[in-house]
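Notes for the structure review
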Number of protein chains: 2
Amino acid sequence: MTLTLITLDWVPDFPRGFVRDLRVRWALEEIGRPYHVETVPMQPKSDTHRAMQPFGQVPIIRDADLTLFESGAILLHLGEGTALLPEARRAEITQWLFAALNTVELTSVVWVSKVLAERWPEFFGPPSGEESKAFARQALKTRLSEVETVLEGRDWIAGAFSLADIAMVDTLRVLAGEGMLGDMPILSAYVARAEARPAFVRAMADHMAHWQRADATMARTA
Amino acid sequence: MTLTLITLDWVPDFPRGFVRDLRVRWALEEIGRPYHVETVPMQPKSDTHRAMQPFGQVPIIRDADLTLFESGAILLHLGEGTALLPEARRAEITQWLFAALNTVELTSVVWVSKVLAERWPEFFGPPSGEESKAFARQALKTRLSEVETVLEGRDWIAGAFSLADIAMVDTLRVLAGEGMLGDMPILSAYVARAEARPAFVRAMADHMAHWQRADATMARTA
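Each value, and the rule that gives it
Residues numbered from 1 in each chain as written. Chains lettered and ligands numbered in written order. Predicted model: local features only at pLDDT ≥ 70, side-chain atom pairs only at ≥ 80, totals over all residues. Heavy atoms only, no water. Pairing = 2+ DSSP bridges. Helix = DSSP H or I, 4+ residues; strand = E, 2+ residues; numbered from the N terminus. Axes fitted to C-alpha atoms, helices over the stretch in contact; angles between N-to-C directions. Contact = heavy atoms within 4.5 Å. Phe/Tyr/Trp six-rings, centres within 6.5 Å; stacked < 30°, edge-to-face > 60°. Buried < 20%, exposed > 50% of the residue type's maximum accessible area, 1.4 Å probe, protein only. Lys NZ or Arg CZ within 6 Å of the ring centre and 35° of its normal. Polar contact = N/O pair within 3.5 Å; in protein donor to acceptor, adjacent residues only side chain to side chain.

What follows deals with the sheet that holds strand E3 (residues 60–63) of chain A. All names here are of chain A. Strand order in the open sheet formed by 4 strands is E2-E1-E3-E4, and the pairing between neighbours is mixed. Every other strand in the sheet has two partners, leaving strand E2 (35–40) and strand E4 (66–69) as the edge strands with one partner each. Looking at each pair of strands side by side, their axes are set apart by 25° on average, direction ignored. With respect to the sheet, helix H3 (residues 71–79) is in contact with strand E1 (3–8), E3 and E4, its orientation differing from that of E4 by roughly 135°.

Pasting the structure below:
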């Protein structure tokens, strides 16, 4: 049965390439599973949206009679019985999935929220000050160097490419975009290697095309 | 086979009650599985510790020939085949586990890091300023009110008590301790209900006794 991916109907330029439906598109491309896309309004959030996702976030999937949110949970669901989550490496892959979405992203968000506040205070609040930002940056650098140590001499975080790499790379991509990986060749190469995968390239193209179609629709109806 | 829980040898007063080995102790008490405790030095991190856990964090478990870190992954591993993760509710429980450790905790950590910076700048960096803290507080309040909506009329987040409640309650406990749940009766009652469970009470008692024994050992060897 064709799976349904639910994402936003439109977003402004800045989160394009980073809306988390990308993770799900990427996983679906890796396992060769067809899907179609439905949308919910970005603003205001609809009751239909809140009924499926109480935080008003995306992605959400509908797979037969299951409706599921949280990209981490969706990755585990989609990975079941595929090369993204082989039974023999389940515990290890799950460990690195949480390392990406909790340990690494928790450290990342503290710094990123300060960087984004300088650019878009209306969304991310008033700036925190240089000293506070520098401290958060150093904490993040330390954490990233720990990931780099793990990746020394391996292509992927948990043996062969797995859903843990989708989560880890997508967490790192935001940082790469902010210039944080400039002096971290192992992490930079890891992100580049992942982004060169045909499944990532297709997922990103479809992700960007979705927003471009939304722009066109808005222009027509304006 | 008896499971081994690896935690720190000692911590100062402030994170006691919140070191994440508590989540694992709690789950083990819920499923009635015996375990024993080993320790790694809090400072400096040992090579043995880094070899098991590249971020130098705890908890870590050893279960037969599996060594595993990340409390989320450990909860999923321990839950397998138990009432904490019934097969029929696997996807829903996993969804709420990630909601706790990513969606809720990511919002929480931005505010908490600002609050702790005022108290312990040597660990959490220079303060961010009142405006920035107020913005983070409001974002967190919004997110918590969304969790509160979900919990209206239910005792537990995903049907019967599950490992998702262990992660969600443990994420909320930090906020309760900082007075953030004062005007959120549904969340406060949820945390109180969870903390009244005999398994939580035993886990917390063992967690605190562990640090008290560590104090006594330090006093003897001082």
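Continuing now.
In this section: the packing of aromatic side chains. Taken as a whole and assessed by the stated rule, the structure comprises 21 aromatic pairs over all chains. Plain terms: the ring middles of Trp26(B) and Phe161(B) are 6.0 Å apart, the flat faces sit at 40° to each other, and that makes the pair tilted. Of this pair, Trp26(B) sits in helix H1 (residues 21–31) while Phe161(B) sits in the loop between helix H6 (130–151) and helix H7 (163–177), and the two are 135 residues apart along the sequence. Assigned by exposure class, Trp26(B) and Phe161(B) land together as buried. Here the aromatic residues Trp26(A), Trp156(A), Phe161(A), Tyr190(A) and Phe200(A) are joined through ring pairs into a cluster of three or more. The ring of Trp156(A) has Arg193(A) lying over it, and the distance from NZ or CZ to the ring centre is 5.6 Å. Across from the ring centre of Phe161(A), 3.6 Å away, lies the NZ or CZ of Arg197(A), which sits over that ring.

Residues and elements named next belong to chain B. Positionally, Lys141 belongs in helix H6. Reaching out from Lys141, the side chain makes a polar contact with the side chain of Asp183 at a distance of 2.5 Å. Not counting residues within four places of it along the chain, the set of residues in contact with Lys141 comprises Met180, Asp183 and Met184.

Read these as spatial facts, not as claims about activity.
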